[in-house]
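Structural overview for review
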Amino acid sequence: MKVDSLNNTDSFRKEDSSVEDYISLLKPRVMILAIFSSICGLILAPGNIHPFLSFVAIICISMGAGASGAINMWYDKDIDSLMNRTKNRPVPRGAIFSSNALGFGVVLGLLSVLLLGLATNYFAAFLLASSIIFYILIYTMWLKRRTHHNIVIGGAAGALPPVIGWAIATGSVSIEPIILFLIIFVWTPSHFWALSLFKSEDYKKANIPMLPVTSGVETTKKNIFVYSILLFPVAIAPYYIDFLGLIYLLFSFPLSAYYIFICFRLLRTKDKKSERSISKQIFAFSILYLFAIFISILVDKFA
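What you see is a predicted model; the values in this text were computed from it and never measured.

**Looking at the overall build of the protein chain**
- Tallying secondary structure elements over the protein chain gives 15 helices and zero strands in all.
- Here the C-alpha atoms of the protein chain give a radius of gyration of 20 Å, agreeing with the 19 Å that 2.2 N^0.38 yields for 303 residues.
- Along the first, second and third principal axes, the C-alpha atoms of the protein chain reach 55 × 55 × 30 Å.
- When each of the 303 residues of the protein chain is scored for burial, the buried share is 53%.
- Taking contacts inside the protein chain between residues at least 6 apart in sequence as the whole, the part at least 24 apart equals 74%.
- Here the protein chain holds 26 positive side-chain charges and 17 negative ones, and the gap between their average locations is 6 Å.

As structure tokens, this is what we get:
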């Protein structure tokens, strides 16, 4: 259920908006992953596209990702104000009117889709629009506040950028970008559940049904471990379908094995302090892991 008591945060606005505030609306850390994975999809795709159009396309994907973040902050202003992790975002802090955040996000989203369609092809623009709509309507407005499956299903939006990158170059989708999609999609739950373990009090205060809140710590630890195991065959699949070569396998295999190992450590520990420490380790390593996987994809491509 949406928290109503703090819906009208505009009335608490005290500060003047800055460029930095509007940049933070875009969720730049999330945007970096979208940009990087879409570039990987674009580079790996067969066919040629003019470098300038490639640049424009990446800008469009960045704008689309930023639009999703801005609209998410507009809608989540009430719960963001309750959580220590998010209370200093520009809308709950009162640096930006929530209506301005919404307008900024809508304009960015529309421009990103329209420009991508005109610069490359309308199939890629359709995928970008689908990603934005899925993140806002399915994840933010529906799943996030209603079910602990929010991250599992909602992760599809964040996994689409490499598919969009591939579609920009080819105007189509094949098994290769689907594998890239699956790597991010299967990676997402363990990444966010690790975060939710050491931020569970925040989620309780905001009444967000993350897995540790609804099902407890032990169930969360088991699910993190299960998803780390599921990630292993997906992560090394590009080698076995002859999409990538031995260099990629030599990177992805030990990275994925170590990820399983630290998730297993979390599963076995019963000490609360250790649980918190290892969950932070998993969260930090999961970010490094995903970037390392995609870097190894590029290294294999150009080796």
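The rest of the description comes next.
**Description of the packing of aromatic side chains**
- Tallied over the full model, the rule gives 16 aromatic pairs.
- Ring geometry for Tyr 239 versus Tyr 240: centroids 5.0 Å apart, planes at 85°, classification edge-to-face.
- Judged by its relative accessible area of 26%, Tyr 239 is partly exposed.
- Here Tyr 240 falls in the exposed class, since its relative accessible area comes to 56%.
- Members of the aromatic cluster, connected to one another through ring pairs, are Tyr 258, Tyr 259, Phe 261, Phe 285 and Tyr 289.

**Things to note about the nonpolar core**
- Leu 116, Ile 282 and Phe 294 are the most contacted members of the largest nonpolar core, which has 83 residues in total.
- Broken down by element, this core gets its largest block of residues, 12 residues, from helix α10 (residues 175-198).
- Leaving out residues up to four positions away in the same chain, Ile 282 has contacts with Ser 190, Ala 194, Ile 224, Tyr 259, Ile 262, Cys 263 and Leu 266.
- Grouped together as the second largest cluster of nonpolar side chains are six residues, Leu 25, Met 73, Ile 96 and Ala 101 included.

**Things to note about the packing of helix α3 (residues 51-75) against helix α6 (residues 98-119)**
- Viewed as axis vectors pointing N to C, α3 and α6 meet at an angle of 155°, and their least axial separation amounts to 8 Å. The angle between α3 and α6 falls in the class roughly antiparallel. Like other packed secondary-structure pairs, α3 and α6 cross with a definite hand, here left-handed.
- Here the contact of α3 with α6 is built from residues that sort into 18 nonpolar, six polar and no charged.

**Overview of helix α14 (residues 246-268)**
- When the terminal C-alpha atoms of α14 are compared, their 33 Å separation across 23 residues agrees well with the 33 Å that a helix rising 1.5 Å per residue should span.
- Residues Tyr 248, Leu 249, Ser 252, Leu 255, Ser 256, Tyr 259, Ile 260, Ile 262, Cys 263, Leu 266 and Leu 267 constitute the buried set of α14.
- Close packing links the buried residues of α14 with α10, α13 (217-240) and α15 (272-302).

**What about the environment of Gly 105?**
- Among the secondary structure elements, Gly 105 is positioned in helix α6.
- For Gly 105 and Leu 26, which are 79 residues apart along the polypeptide, the C-alpha to C-alpha distance reads 8.3 Å.
- Look past the residues within four positions of Gly 105 in its chain and what remains in contact with it is Ala 67, Ala 70 and Ile 71.

**Focus on the confidence of the model for the protein chain**
- Mean pLDDT over the protein chain works out to 93, with 95% of the residues at or above the 70 mark.
- pLDDT under 50 marks residues 1-9. Its contacts with residues more than four places away, or in other chains, come to 19 contacts.

**Describing the pattern of salt bridges**
- Enumeration according to the criterion identifies 11 salt bridges in this entry.
- Taking the shortest distance from any N to any O, the salt bridge between Asp 76 and Arg 145 comes out at 2.8 Å. Linking Asp 76 in the loop between α3 and α4 (77-80) with Arg 145 in the loop between α7 (122-143) and α8 (150-159), this pair joins segments that are 69 residues apart in sequence. This pair shows no difference in class: Asp 76 is buried, exactly as Arg 145 is.
- Each of the salt bridges in this network shares a partner with another, and the network as a whole consists of Glu 218, Lys 221, Lys 270, Lys 272 and Glu 275.

The rules behind each value
- Residues numbered from 1 in each chain as written.
- Predicted model: local features only at pLDDT ≥ 70, side-chain atom pairs only at ≥ 80, totals over all residues.
- Heavy atoms only, no water.
- Helix = DSSP H or I, 4+ residues; strand = E, 2+ residues; numbered from the N terminus.
- Rg over C-alpha atoms; globule rule 2.2 N^0.38 Å.
- Buried < 20%, exposed > 50% of the residue type's maximum accessible area, 1.4 Å probe, protein only.
- Contact = heavy atoms within 4.5 Å.
- Lys, Arg positive; Asp, Glu negative; His and termini not counted.
- Charge placed at Lys NZ, Arg CZ, Asp CG, Glu CD.
- Phe/Tyr/Trp six-rings, centres within 6.5 Å; stacked < 30°, edge-to-face > 60°.
- Core = buried A, V, L, I, M, F, W, Y, C linked by side-chain atoms within 4.5 Å.
- Axes fitted to C-alpha atoms, helices over the stretch in contact; angles between N-to-C directions.
- Parallel < 35°, antiparallel > 145°, perpendicular 65-115°, else oblique.
- Left-handed = near helix turned anticlockwise from the far one by under 90°.
- Nonpolar A, V, L, I, M, F, W, Y, C, P; charged D, E, K, R; others polar.
- Expected span 1.5 Å × (residues − 1).
- pLDDT = per-residue confidence, 0-100.
- Salt bridge = Lys/Arg side-chain N within 4 Å of Asp/Glu carboxyl O.

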